[in-house]
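# Chain and residue survey
Residues per chain are reported as follows:
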Amino acid sequence: MKKEWFLISRIFLCFLVFYFVTLNLAYAEIIAIKAGKLVDPKAGTTTNNQIILIDGSKIKTIGQNLQIPKDARVIDLTNATVLPGLFDCHTHMCALIKPRAKTLDEFRGDILLYTIDNTTGYRALQGVVNALHMLQAGFTTIRDMGNAGNYADIDLRRAIDNGLIPGPKVFVSGKIIAPFAGQVIVNTEHSDLGKQDYIYADTRDEIRKAIRQNIHFGADWIKIVVDDQRYIYSVDDLRFIIEESAKAGLKVAAHTITEQGGLNTAEAGVASIEHGFMMNDKALEFAKKNGSVLVGTPFPEEHLKLMGIAEFYPAIIDVHKRAYKMGVEMAFGSDVVCEFLGKNRGELAMDYIESFLEAGIPAKDILMMMTTSAAKLLGLEKERGAIAQGLIADIIATTENPLNNIRTLKNVIFVMKEGKVYKQK
Ligand SMILES: [Zn+2]
């Protein structure tokens, strides 16, 4: 009996050793990045000649005179500037509209037509392409804000997490919850058409059910549209939505484009205010007091013209100027849904840098909105958004230092996500 136990324990030990050796060979490659310049967005500082050691998906250590392990794979970025991977907190991966609109109402028609013309399956495939382009542009984390048909966003997230397709780390909202008809204009014969992308929820019971449906299907955030119809969510409605979502640990992102909607949204204290184009100073004060983050999605003028809604541009720049001056917290979000200018989704998202510059926001703050501030909004500050020991290795590089020239982000030359290289020029 003793002999048998001895034998069994020996076999078990051999198996254990074999298991760990093969596991190490297969997965735990050490990578050493030689960074000519390394930017810390939060501090707004740059250090020279740093070595970043990456073990699997995480950053092991960083320093100037580190010993590079003999078997490490060395990535030479001595002529580049290295920084954390970027965030886009407002994407629509599974929507790709060719706008024909000349007014806001016509643009809503373009949205509706798109949802009718395209199945959820096709939209998932568009999501695959858009996600790849976002990653190649340097966005290693995104928060997708709906318009994904019948929950294609959930499948997109799953396919990326399972390593089936390349893409950023994705957080999703599922269907958008909104008062009757959501963001589109329907008629008496076709009032259900918008339901491909929206859950119409007007009463408390309908709102509660909509939130629970999204949570059940796997939403990370609750996305609502406050004021795209003449009837809008009140402060009490919004407080109810925040409370119901919080019961399951979710935060609320609220789309608002009117003055009253902006006021209601900020007063209720949602975690993230999307667009906020018509927020007055009182609304911005509420946002600051309640810790609501403005994801202002400042559309570049060129994009707005092609969408037929150029009249929004001055207000968009103005609210960003005021919010920055008042110290309202902001995070980067693009809200690209269209296809134009011969650019892919990642390139179009980078165009938004121009609007932040137009609003007079310094490079350091723009970079924070794209990294640390965004990570904080998403509750990821202990995982992503910085290059520090123990954090996930989401790392990009540019030819110039973005603290001196933020436009260099339009030409990202190296992308690593979770320790894996996806782009190296
Ligand atoms: Zn949006």
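Use the structure listed above.
A few words on helix α8 (residues 281–290). Turning to α8, its buried residues are Ala283, Leu284, Phe286 and Ala287. An end-on view of α8 places all buried positions within 155 degrees of arc, on one side of the element. Facing away from the buried surface of α8 by more than 90 degrees, the exposed residues are Lys282 and Lys289. In this fold, the buried residues of α8 make contact with α7 (259–268), β12 (272–275) and α10 (313–326). Here α8 starts with a cap whose side-chain oxygen sits 3.2 Å from the backbone nitrogen of Lys282, and that cap is Asn280.

Here strand β1 (residues 30–40) pairs with strand β4 (residues 73–84) via 7 bridges, running parallel. Paired with Lys34 across the two strands is Asp76, which belongs to β4. Here β4 pairs with strand β14 (residues 395–398) via 4 bridges, running antiparallel. The residue bridging Val82 from the neighbouring strand is Ala397, located in β14.

By secondary structure assignment, the location of Thr398 is in strand β14. Of note is the side chain of Thr398, whose polar atom sits 2.8 Å from the backbone oxygen of Glu400. With residues near it in sequence (within four places) discarded, Thr398 still touches Ala80, Thr81, Leu83, Thr408, Leu409, Asn411, Val412 and Ile413.

A separate point is empty space enclosed by the protein. Inspection of the entire model under this criterion finds 3 cavities of 30 Å³ or more. Within this model, the largest cavity holds a volume of roughly 370 Å³. Contributing to the lining of the largest cavity are 28 residues, with Phe107, Ile111, Gln183, His255 and Asp335 lying nearest its centre. Sorting the residues of the lining of the largest cavity by element identifies α2 (104–117) and α9 (301–307) as the ones contributing at least two each. Looking at which element gives the most residues to the lining of the largest cavity, the answer is α2, with 6 residues.

Rules used throughout
Residues numbered from 1 in each chain as written. Predicted model: local features only at pLDDT ≥ 70, side-chain atom pairs only at ≥ 80, totals over all residues. Heavy atoms only, no water. Buried < 20%, exposed > 50% of the residue type's maximum accessible area, 1.4 Å probe, protein only. Helix = DSSP H or I, 4+ residues; strand = E, 2+ residues; numbered from the N terminus. Arc of directions from axis to C-beta. Contact = heavy atoms within 4.5 Å. Polar contact = N/O pair within 3.5 Å; in protein donor to acceptor, adjacent residues only side chain to side chain. Pairing = 2+ DSSP bridges. 1 Å grid on protein atoms, 1.4 Å probe; cavity = no way out; pocket = protein on both sides within 12 Å on 5 of 7 lines; lining within 4 Å. Points joined across faces, edges and corners; volume = space filled by probe spheres on them.

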